[in-house]
Amino acid sequence: MRFDLIDLQLFIAVADARSITQGATRANLALASASERIKGLEQALGVALLKRGRRGVELTAAGESLLDHARIVIHNVEALQGDLAAYASGIRASVLLLANTSGLSEHLPRALAHFLHEHPDINVDVEERESTDIATAIASGAADLGFAAEHALPDSVERFLFSEDRLMLVAARRSDLGNRRQIDFHEVVDRDFVGLTATTALQLHVSKHAAKLGARLRFRARLRDFDAICQMVAADVGVAVVPETAARRCAAAMPIVTIRIRDAWANRRLTICARSFRALPRPAKQLVDYLRAEVQR
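All of the points below concern the structure found in this document. Keep in mind that what you see is a predicted model, and the values were worked out from it rather than measured.

With respect to the element layout, aspartate 165 can be found in strand S6 (residues 158-172). Among the polar contacts made by the side chain of aspartate 165, one reaches the side chain of histidine 107 at a distance of 3.3 Å.

Okay, here's the thing in structure tokens:
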């Protein structure tokens with residue numbers, strides 16, 4: 001049975017793209033070379049891995065099994081590289097952390113800044129994803145470390161609580177909602193909204209719950225940060241859903257009110273998660289240990 005890491009990386013790329021052509025591009029291989037490597041894998045294993053069709057490829061049961069093992073093998077190789085990189089002269093180790101919008105903007109920056117100050121040999125790349133996507137990436141082994149809402153995580157994923165994160169509705173103080181302290185989300189889905197850009201994880205989360213109510217939110221403006229959103233709300237352009245930390249910070253300086261959303265989905269427990277904390281590469285373990293200590297401070 002002969003195949004190498006390039007074969008496994010190519011197979012993962014093809015499986016993720018559901019296309020040999022796109023997988024070859026992601027793996028930086030010529031299409032002919034990629035096709036030969038896939039055929040070589042199937043011959044070496046003695047089983048078909050892909051069902052080929054006009055619109056791409058689908059994994060066979062054997063292909064699904066290989067994908068799981070391939071992710072683990074590549075993960076372990078990357079862990080090895082990460083551990084050794086910390087010892088290589090002049091080279092910094094890197095940690096990839098997937099985080100939802102609230103974590104990225106409100107909960108992680110200060111802790112990460114302190115960690116990076118204390119660990120000059122480690123870099124941290126934070127990539128924004130929706131909690132459900134983070135859960136899938138962690139569970140499948142496609143990513144090492146995540147910051148996600150606990151409700152999205154399967155039981156197989158290890159986690160520890162980092163912070164509570166209630167989503168709040170903010171409205172102009174002079175609006176007809178100025179005296180409200182609590183509200184059900186269905187009461188406001190027909191109003192004008194100010195929100196984040198459509199691709200942000202938090203905006204996808206809010207829009208998904210609006211869709212469950214049979215509504216499509218109407219946005220007057222989309223911006224990239226919570227302070228800018230709250231400034232629009234203060235001008236009575238529309239209402240917005242933002243994390244409680246951002247809502248209270250902005251309410252202290254702007255003429256807006258914070259209104260508790262009674263729906264269960266608005267109350268989230270944010271966690272640090274991994275497939276296995278013990279199996280993480282050394283730099284990622286150091287980050288986890290630091291974040292765990294932050295919770296206890």
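Residues Leu169, Phe185, Phe193 and Ile229 are the most contacted members of the largest nonpolar core, which totals 41 residues. For this core, the secondary-structure elements that each account for two or more residues are S6, strand S8 (192-196), helix H8 (201-212), strand S9 (218-223), helix H9 (226-234), strand S10 (240-243), helix H10 (244-251) and strand S11 (256-261). Broken down by element, this core gets its largest block of residues, 6 residues, from H9. Not counting residues up to four positions away in its chain, the partners in contact with phenylalanine 185 are Phe193, Val206, Ala210, Leu213, Leu217, Val241, Ile261, Asp263 and Trp265.

Our focus in this paragraph is the environment of glycine 238. As for its placement among the helices and strands, glycine 238 is situated in the loop between H9 and S10. Between the C-alpha atom of glycine 238 and that of alanine 201, which follows or precedes it by 37 residues, the distance is 20 Å. Beyond its immediate chain neighbours, meaning those up to four positions away, glycine 238 contacts Asp192, Val194, Met232 and Val233.

Let us look at helix H6 (residues 109-118). Taken residue by residue, H6 has Ala111, Leu112 and Phe115 as its buried positions. Along H6, the residues classed as buried sweep out an arc of 95 degrees about the axis, all on the same side. Counted as exposed and oriented over 90 degrees from the buried face of H6: Arg110 and His117. Residues of H6 that are buried sit in contact with strand S4 (122-128), S6 and helix H11 (282-296).

Right, let's get into the side chain of glutamate 130. If you trace the backbone, glutamate 130 turns up in the loop between S4 and helix H7 (131-140). Among the residues examined, glutamate 130 registers a relative accessible area of 12% and is labelled buried. Discounting chain neighbours no more than four positions away, the residues touching glutamate 130 are Ala201, Leu204, His205 and Lys208.

Calculation notes
Residues numbered from 1 in each chain as written. Predicted model: local features only at pLDDT ≥ 70, side-chain atom pairs only at ≥ 80, totals over all residues. Heavy atoms only, no water. Helix = DSSP H or I, 4+ residues; strand = E, 2+ residues; numbered from the N terminus. Polar contact = N/O pair within 3.5 Å; in protein donor to acceptor, adjacent residues only side chain to side chain. Core = buried A, V, L, I, M, F, W, Y, C linked by side-chain atoms within 4.5 Å. Buried < 20%, exposed > 50% of the residue type's maximum accessible area, 1.4 Å probe, protein only. Contact = heavy atoms within 4.5 Å. Arc of directions from axis to C-beta.

As far as function goes, none of this settles anything; it's purely spatial.
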